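Next come the chains, spelled out residue by residue.
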Amino acid sequence: MNKKWFIFSIILLFVLSCVMLFDTKISMSKNVTNKAYKAYASGINSGKIEYDDSSRYSLYDVNNDGVNELIAIYNDYKMIVWTYKNGRIKRLFTHEDTVISGFSFQKKNKYIWTFGEGDGAAYTKYAVKRKKLIMKVNYYTYWEGEKIHAAMYGRSHKSKKISIKKFKSIEKKFKKFPKVMPVSIERNALIRILEKGSCEKVLKKYLKLLVKKKYRYRIDKNGVIKNQARFAISDLNADGIPELLIDPDGSIAGNNNLYYTYQDGKLIKLDLSEVDYPVWGELLVSAERKSYCFFRGGMGFNDDSGEPVMPYTYLEYVIEGNKIINKHSFSAYHYENRDIWKCYMDDEECSYEDVYKKAVDTFSDAVVFFDNTKANRMVNGLYC
């Protein structure tokens, strides 16, 4: 065999081996990640991982092992990071701080920066050592009268004034680091999405829409809102794939709203021709019924006898193909003095306990809308 061909063959075999090894590592990493997500979902279901309405969540590979950790922020002050190893979930570390809006990572996660806003802005740098965060330095701003000042302190907590220019240079540097913004998401939707696995492709498609100028929330230099655009990401039909809801003008009842889903590898714009929400209310999801509803309670009134009456309305919708259709309507009138309920399903009178309450009690997950800002768009960090 020609010597050159022999050397070329050896190099080719080496390159192919490296490619196969790389593909194997990626496949193994995805497999472990999906197992981790299911373990996190199980932990939330069992109560091992605490969930409450004030908590916010994100997923990020904190310890550089190729598998995302589940990061939970409670009451804006307490952070618990859960990891997955050897088929089990355990706490990587727990940390309590001033207001934690989000955090960034520096030098391959050797340092974690938290940032938050209270009376001013604050950026705190921590070193990750032995499952603990060791505070290195804190930069913050504060007000004295109508003037803003900046300061810093180290581990001794002895404050030292710095210039606003210095603070802004720290802020500019911080913005270059990879960021994670934990967000609020209803419990059942979080569990379903974790059980389904990563929705990275879905969220990337959604983000391409959200960054378009016409859908972005904008305020001019005088503080005047120029575009009230909002968005929500919620699993409306409990199939484990979240839908994207775009509200361009700050009203869920607007006829220019846009809903998208992801089917067979494609982004699908849903037909809303049968969707008719009254002027004000909220959207709720039922995992049990695989549907969502528009809900409104009130306004109360007095009947002819003067008795106070409180009305309730639930308009139920389901996704069928590329269309959202009105499945059922439930309404009720609560006569408060006598504690009597008059209930209707699809305009036909029905039982309060057996029909009305049985249905509407399943609508428990609120669809949360966010102003379409850059920070809020980082909701994609929750799924990938």
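As shown above, the structure is provided for reference.
Residues numbered from 1 in each chain as written. Predicted model: local features only at pLDDT ≥ 70, side-chain atom pairs only at ≥ 80, totals over all residues. Heavy atoms only, no water.

Trainee: Describe the sheet that holds strand E3 (residues 78–85), and please don't skip the residues or the numbers.
Mentor: Strand order in this open sheet of four strands is E1-E2-E3-E4, and the pairing throughout is antiparallel. The open sheet has two edge strands, strand E1 (56–60) and strand E4 (88–96), and neither has a second partner. Strand-to-strand twist of the sheet, defined as the mean angle between neighbouring strand axes without regard to direction, takes the value 20 degrees. Relative to strand E2 (residues 69–74), E1 is paired through five bridges, and the arrangement is antiparallel. When the bridges of E2 are listed, Arg56 appears paired with Ile73. (Pairing = 2+ DSSP bridges. Helix = DSSP H or I, 4+ residues; strand = E, 2+ residues; numbered from the N terminus. Axes fitted to C-alpha atoms, helices over the stretch in contact; angles between N-to-C directions.)

Trainee: Could you give an account of the packing of aromatic side chains, with specific residues and numbers?
Mentor: Tallied over the full model, the rule gives 17 aromatic pairs. Geometrically, the ring pair formed by Tyr51 and Tyr57 is stacked, given 5.6 Å between the ring centres and 5 degrees between the ring planes. Both rings, one in Trp341 and one in Tyr352, keep their centres 4.9 Å apart while their planes meet at 25 degrees; by these two values the pair is stacked. Of this pair, Trp341 sits in strand E23 (residues 340–345) while Tyr352 is found in helix H5 (residues 352–360), placing the two residues 11 residues apart along the sequence. (Phe/Tyr/Trp six-rings, centres within 6.5 Å; stacked < 30°, edge-to-face > 60°.)

Trainee: Quick one: what's the story with the sheet that holds strand E14 (residues 230–234), residue by residue and with numbers?
Mentor: With antiparallel pairing, five strands are arranged side by side in an open sheet as E17-E16-E15-E14-E26. The sheet is open, and its two borders are formed by strand E17 (266–269) and strand E26 (370–371), each paired with just one other strand. Pairing analysis gives five bridges linking E14 to strand E15 (residues 243–247), with the strands arranged antiparallel. The partner of Ser234 across the bridge, within E15, is Glu243.

Trainee: An account of unusual backbone geometry is needed here, citing residue identities and associated values.
Mentor: Even without being glycine, Asn86 reaches a positive phi, approximately 55 degrees. Inspection of the secondary structure puts Asn86 in the loop between E3 and E4. Positive phi outside glycine occurs at Asp347, with the angle close to 70 degrees. The topology assignment puts Asp347 in the loop between E23 and strand E24 (348–350).

Trainee: Could you give me a rundown of a nonpolar patch on the surface, with the residues and numbers involved?
Mentor: Where nonpolar side chains cluster on the molecular surface, the patch consists of Val279, Trp280 and Met299 and spans about 370 Å² of accessible area. With respect to the helices and strands, Met299 occurs in the loop between strand E19 (291–297) and strand E20 (301–302). (Patch = residues over 30% accessible without salt bridge, like charges linked within 9 Å, V, L, I, M, F, W, Y side chains within 5 Å. Areas by Shrake-Rupley, 256 points an atom, 1.4 Å probe, with all protein chains shown as cover. Salt bridge = Lys/Arg side-chain N within 4 Å of Asp/Glu carboxyl O.)

Trainee: I'd like to hear about the environment of Ile112, residue by residue, with values.
Mentor: Within the element layout of this structure, Ile112 appears in strand E6 (residues 111–117). Of the residues examined, Ile112 reaches a relative accessible area of 1% and is grouped as buried. For the pair formed by Ile112 and Lys125, sequence separation is 13 residues and the distance between their alpha carbons is 5.9 Å. The contact partners of Ile112, leaving out residues within four places of it in the chain, are Val62, Phe93, Phe103, Ser104, Phe105, Thr124, Lys125, Tyr126, Val128 and Leu133. (Buried < 20%, exposed > 50% of the residue type's maximum accessible area, 1.4 Å probe, protein only. Contact = heavy atoms within 4.5 Å.)

Trainee: A description of helix H2 (residues 164–174) should follow, citing residues and the corresponding values.
Mentor: Because each turn of an α-helix spans 3.6 residues, side chains separated by three or four positions end up pointing in the same direction. Regarding H2, the residues found buried are Phe167, Ile170, Glu171 and Phe174. Down the axis of H2, the buried set is contained in an arc of 100 degrees. They therefore lie on one face. For H2, the exposed residues set more than 90 degrees away from the buried face come down to Lys165, Lys168 and Lys172. (Arc of directions from axis to C-beta.)

Trainee: Tell me what's going on with the pattern of salt bridges, and back it up with residues and numbers.
Mentor: Scanning the entire structure with this criterion turns up five salt bridges. Here Lys323 ties to Glu274 by a salt bridge, and the two come within 3.5 Å at their closest N and O atoms. Of this pair, Lys323 sits in strand E22 (residues 323–335) while Glu274 sits in the loop between E17 and strand E18 (282–286); the two residues are 49 residues apart in sequence, bridging distant segments of the chain. A relative accessible area of 25% means that Lys323 is categorised as partly exposed. Of the residues examined, Glu274 reaches a relative accessible area of 36% and is grouped as partly exposed. Residue Glu307 pairs with Arg338 through a salt bridge whose shortest N-O separation is 2.9 Å. Of the two residues, Glu307 sits in the loop between E20 and strand E21 (308–320) while Arg338 sits in the loop between E22 and E23, which places them 31 residues apart along the sequence.

Trainee: Describe in detail the nonpolar core, supporting the description with residues and values.
Mentor: By size, the foremost hydrophobic cluster in this structure holds 23 residues, and its most contacted members are Tyr40, Ile44, Ile49, Leu70 and Leu194. At the level of elements, helix H1 (3–46), E1, E2, E3 and helix H3 (187–196) are the ones that each hand at least two residues to this core. Per-element tally for this core: the top contributor is H1, with six residues. Look past the residues within four positions of Ile49 in its chain and what remains in contact with it is Tyr40, Gly43, Ile44, Leu70, Tyr74, Trp82 and Ile89. Formed by 19 residues, the second largest nonpolar core is a distinct cluster that contains Ile73, Ala151, Tyr153 and Val180. (Core = buried A, V, L, I, M, F, W, Y, C linked by side-chain atoms within 4.5 Å.)

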